[in-house]
Amino acid sequence: MPLTPALLPRLIEAVANAIASNAEEVTALDQAIGDGDHVINLQRGLNALMAQREELSQLDWVTAWQKMGMILMSTIGGASGSLFGTLFVTMSKAARDQSINQQTFAMIFKAGVESVKQRGKADAGEKTMLDVLIPVADYLQTAIAVSLPELLETVPKVAIAGMESTRDMLATKGRASYLEERSLGHIDAGARTSQLMICAIVAVLAE
Ligand code: ADP
Ligand code: MG
């Protein structure tokens, strides 16, 4: 199966379904230590991608990721809108003049995650989506020689471990940081949705 944007409709549908199926749980997470709007924000973005999925599938990756980033930035809102948007816009820039394979994708995703760190002025260990994105990016960097089936088996485990690690972290960025010690014991909503989206993408790629 070639890794082309022709896959985008299936990927976007899988991601939207994963978020819809876990919407109540994620809303409860964001209600516990945020303001409860994370799923609604994200679904505005995913609905916009759903509406554009056939057009997106006709583009090359550079153009598709740029467009997806702009759509997400302008529709999601909240703290997460500019962060998810930046991820894709930067992936688009990093993908210029590259053919997409396991090795180049690791570099492209890493560049995207670096831009999220810069935009959010945040790093690993601060109880955010970065606690999923950074370990996955790091794993992809180390796994350029790993077989694709093994990679697709490992990425969800890395994402889930990252998501679960946020439970015992003290939030130092975003709304949850206002709660200080009271943020302990709750999984971060953005870490959970990032993990759900990554697992949904991997499940499609593994088919
Ligand atoms: P808001 O916090 O503005 O209501 P959302 O609810 O859509 O926005 O998104 C909240 C999520 O965004 C958090 O769960 C966290 O994962 C992520 N987040 C918030 N601030 C930052 C930041 N500075 N860096 C990285 N991620 C962040
Ligand atoms: Mg919120």
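Residues numbered from 1 in each chain as written. Chains lettered and ligands numbered in written order. Predicted model: local features only at pLDDT ≥ 70, side-chain atom pairs only at ≥ 80, totals over all residues. Heavy atoms only, no water.

Caption draft 1: Main features of the overall build of the protein chain. Broken down by element type, the protein chain carries 10 helices and zero strands. Along the protein chain, helices and strands appear, N-terminal first, in the series α-α-α-α-α-α-α-α-α-α. Its C-alpha atoms give the protein chain a radius of gyration of 16 Å, near enough to 17 Å, the size a compact globule of 207 residues would have. The principal-axis extents of the C-alpha atoms in the protein chain amount to approximately 45 × 35 × 30 Å. Residue burial in the protein chain is summarised as follows: out of 207 residues, 51% are buried. Pairs at least 24 apart in sequence give 66% of the contacts found in the protein chain among residues at least 6 apart. When the accessible area of the protein chain is evaluated, it comes to approximately 9600 Å², of which 55% is carbon and sulfur surface. Each charge class in the protein chain can be summarised by its mean position, and for the 17 positive and 23 negative side chains these summaries are 5 Å apart. (Helix = DSSP H or I, 4+ residues; strand = E, 2+ residues; numbered from the N terminus. Rg over C-alpha atoms; globule rule 2.2 N^0.38 Å. Buried < 20%, exposed > 50% of the residue type's maximum accessible area, 1.4 Å probe, protein only. Contact = heavy atoms within 4.5 Å. Areas by Shrake-Rupley, 256 points an atom, 1.4 Å probe, with all protein chains shown as cover. Lys, Arg positive; Asp, Glu negative; His and termini not counted. Charge placed at Lys NZ, Arg CZ, Asp CG, Glu CD.)

Caption draft 2: Quick look at the packing of aromatic side chains. Summed over the entire model, instances satisfying the criterion amount to three aromatic pairs. Pairing W65 with F105 gives two aromatic rings, centres 6.3 Å apart and planes at 50°, and the pair type is tilted. Taken together, the residues W65 in helix α5 (residues 61–76) and F105 in helix α7 (residues 102–120) connect sequence positions 40 residues apart. Each member of the aromatic cluster is reached from another via a ring pair, and the members are W61, W65, F105 and F109. (Phe/Tyr/Trp six-rings, centres within 6.5 Å; stacked < 30°, edge-to-face > 60°.)

Caption draft 3: Highlighting the coordination of the magnesium ion (ligand 2). Only D30 (OD), D35 (OD) and D37 (OD) from the protein reach the magnesium ion (ligand 2) as donors, at distances of 2.0 to 2.6 Å. Sequence positions of the residues that donate to the magnesium ion (ligand 2) give the spacing D-x4-D-x1-D. Since its relative accessible area comes to 38%, D35 is described here as partly exposed. The partly exposed category is assigned to D37, whose relative accessible area is 24%. (Donors = N, O, S within 2.8 Å, 3.2 Å for Na, K, Ca; no water.)

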